[in-house]
Amino acid sequence: MILDKIDKLLKEVNELKASNAEEIEALRLKYLSKKGEITSLMADFRNVASDQKKVVGMKINELKQAAFEKINYLKDQYETAENDSEDIDLTRSAYPIKLGTRHPLTIVKNEIVDIFSRMGFTLADGPEVEDDLHVFTKMNFAADHPARDMQDTFFVETNPEDVTKNILLRTHTSSVQARIMENSKPPIRVICPGRVYRNEAISARAHCFFHQIEGLYIDENVSFKDLKQVLLTFAREMFGADTKIRLRPSYFPFTEPSAEMDISCHICGGVGCGFCKHTGWVEILGCGMVDPNVLELCGIDSKKYTGYAFGLGVERITNLKYQVSDLRMFSENDTRFLKEFEAAN
Ligand code: DAH
């Protein structure tokens, strides 16, 4: 009796059909829910003679499995059909391709390189992982100069027998000066953009890496006047024709005399604001006449040749142009920040 019922249900299950989600759910309730037909077979099962229980039990399981599989099969078929029938609008225009933007530091670096290229400077490059010889020794740094200290410089390898062989991350692009002078003869007129590293705690105003552009010009009869004219031209090209410059005496081991250059504050026009600390001036670079010691250390006759050099910070110039208040923004890769420079690309 119960076996007939099972066979009948099995036949029904195998022939089940449904055309939408509600119908499928109705079938699931009819056969598999707590009050469904298969579950209610269990009540009859209790009355089955014990020698029959094994066979009947197996049949019920078989039926349950078949119903389960069939309903899942119907569900699958319905879902695939549903997806296939989704309308495709062939007339819709394509999604716009999102173009990347150039990094603000690259935009400003390119602008600076462009200005100096127009004045006859060519590009030069040097390694970021450098030796002491090029970063310090040939740049006329005294053996006990504080820049050679661990606190300022990241060392890759130290050599206690010969410090000039220490390997380090360059702390300034002036090291490229030494490389160029070693490998070429005057006249030399180059600019060297690149990344530099210093052992500083990272904050809004300091970072352990930043970017500089080094300039070097060596020839016969190069004077401080030439340096001043080139820097004035640069400042005016970069910040506008009415930009003023001023040179303050300073000290660098590799130049003599040395100076720091300020420009009239680009933000307030020289009247004083928070950015220029109400002085009307902002410092943008260091410069000077190449120290004869440097020329000699790099194999250039200091009696015949003179030269000037300068080094500027790309972040500083970018801050002046775009008022980026936190240096960390430059290296966080936040696309919302980078997108702000879309128009400058
Ligand atoms: N190397 C200096 C620095 O990192 C910048 C600098 C100053 C470069 C004067 C020069 C220079 O070439 O003449 O602070």
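Higher on the page you've got the structure.
Residues numbered from 1 in each chain as written. Predicted model: local features only at pLDDT ≥ 70, side-chain atom pairs only at ≥ 80, totals over all residues. Heavy atoms only, no water.

A. Summary view of the environment of Arg-102. Turning to its location among the elements, Arg-102 is positioned in the loop between α4 (53–84) and α5 (104–118). A relative accessible area of 45% means that Arg-102 is categorised as partly exposed. Taking the C-alpha atoms as reference points, Arg-102 and Arg-246, separated by 144 residues in sequence, lie 32 Å from one another. (Helix = DSSP H or I, 4+ residues; strand = E, 2+ residues; numbered from the N terminus. Buried < 20%, exposed > 50% of the residue type's maximum accessible area, 1.4 Å probe, protein only.)

B. Inspection of unusual backbone geometry at higher detail. The step from Pro-186 to Pro-187 runs through a cis peptide bond, and the omega angle for that step is 0°. Topologically, Pro-187 is positioned in the loop between α7 (174–183) and β5 (188–197). In the Ramachandran plot, His-278 falls in the positive-phi region, its phi being about 60° despite a non-glycine side chain. Among the structural elements, His-278 can be located in the loop between β8 (255–264) and β9 (281–290).

C. Spotlight on the pattern of salt bridges. On inspection of all chains with the given rule, the structure shows 19 salt bridges. Two residues, Glu-130 and Arg-179, come together in a salt bridge whose shortest N-O distance is 2.7 Å. Taken together, the positions of Glu-130 in strand β2 (residues 129–131) and Arg-179 in helix α7 put the pair 49 residues apart, joining distant regions of the chain. Arg-179 sits in the partly exposed class, given a relative accessible area of 25%. For the salt bridge of Asp-132 with Arg-148, the shortest nitrogen-to-oxygen distance reads 2.8 Å. Of this pair, Asp-132 sits in helix α6 (residues 132–135) while Arg-148 sits in the loop between α6 and β3 (155–157), and the two are 16 residues apart along the sequence. (Salt bridge = Lys/Arg side-chain N within 4 Å of Asp/Glu carboxyl O.)

D. Main features of the nonpolar core. One finds Ile-112, Phe-234, Ile-263, Ile-284, Tyr-308, Phe-310 and Ile-317 to be the most contacted residues of the largest nonpolar core, which totals 45 residues. Ignoring any residue separated from it by four or fewer positions in sequence, one finds Ile-284 in contact with Phe-234, Phe-239, Met-261, Asp-262, Ile-263, Leu-312, Gly-313, Ile-317 and Leu-320. Counting residues in hydrophobic clusters, the runner-up holds 24 residues, among them Met-181, Ile-188, Phe-254 and Ala-309. (Core = buried A, V, L, I, M, F, W, Y, C linked by side-chain atoms within 4.5 Å. Contact = heavy atoms within 4.5 Å.)

E. The packing of aromatic side chains, seen in detail. Overall, the coordinates contain 13 aromatic pairs when judged by the stated rule. Ring plane angle 70° and centroid distance 5.0 Å describe the contact between Phe-136 and Phe-141, whose orientation is recorded as edge-to-face. Considered together, Phe-136 and Phe-141 belong to a single accessibility category, that of buried residues. Three or more aromatic residues joined by ring pairs form one cluster here, namely Phe-116, Phe-121, Tyr-217, Phe-234, Tyr-308 and Phe-310. The cationic tip of Arg-195 hangs over the ring face of Phe-209; the distance from NZ or CZ to the ring centre is 5.1 Å. (Phe/Tyr/Trp six-rings, centres within 6.5 Å; stacked < 30°, edge-to-face > 60°. Lys NZ or Arg CZ within 6 Å of the ring centre and 35° of its normal.)

F. Just the site of the ligand, in detail. Neighbouring residues of the ligand: 15 residues in total, closest His-172, Ser-174, Arg-198, Gln-212 and Glu-214. Interatomic distance of 3.1 Å between a backbone N/O atom of Ala-309 and an oxygen atom of the ligand. Here Phe-310 contributes a backbone N or O atom positioned 3.4 Å from an oxygen atom of the ligand. Against a free-state accessible area of 350 Å², the protein chains account for coverage of 89% of the ligand. For the shell around the ligand, the elements supplying multiple residues, two or more each, are α7, β6 (209–219), β9 and β10 (306–313). (Near = heavy atom within 4 Å. Polar contact = N/O pair within 3.5 Å; in protein donor to acceptor, adjacent residues only side chain to side chain. Areas by Shrake-Rupley, 256 points an atom, 1.4 Å probe, with all protein chains shown as cover.)

G. Summary view of the packing of helix α8 (residues 224–239) against helix α10 (residues 314–322). Running from N to C, α8 and α10 cross one another at 40°; their axes reach a closest spacing of 11 Å. Looking at the two axes, α8 sits oblique to α10. Judged by residue contacts, Phe-234, Met-238 and Phe-239 of α8 engage Ile-317, Leu-320 and Lys-321 from α10. Split into classes, the residues belonging to the contact of α8 with α10 amount to five nonpolar, no polar and one charged. (Axes fitted to C-alpha atoms, helices over the stretch in contact; angles between N-to-C directions. Parallel < 35°, antiparallel > 145°, perpendicular 65-115°, else oblique. Nonpolar A, V, L, I, M, F, W, Y, C, P; charged D, E, K, R; others polar.)

H. Summary view of the side chain of Gln-212. Among the structural elements, Gln-212 can be located in strand β6. Residue class for Gln-212 comes out buried when judged on its relative accessible area of 12%. At 2.9 Å, the side chain of Gln-212 and the backbone nitrogen of Thr-173 are in polar contact. With sequence-adjacent residues up to four places away left out, Gln-212 is seen in contact with His-172, Thr-173, Cys-192, Pro-193, Gly-194, Val-196, Arg-198, Leu-312, Gly-313 and Val-314.

I. Representation of α8 within the structure. The terminal C-alpha atoms of α8, which comprises 16 residues, lie 22 Å apart, in line with the 22 Å expected from a rise of 1.5 Å per residue. Along α8, the residues that are buried comprise Leu-227, Val-230, Leu-231, Leu-232, Phe-234, Ala-235, Met-238 and Phe-239. For α8, the elements touching its buried residues are α5, β7 (245–252), β8, β9, β10 and α10. Directly beyond the C-terminal end of α8, a positive phi value near 115° is found at Gly-240. (Expected span 1.5 Å × (residues − 1).)

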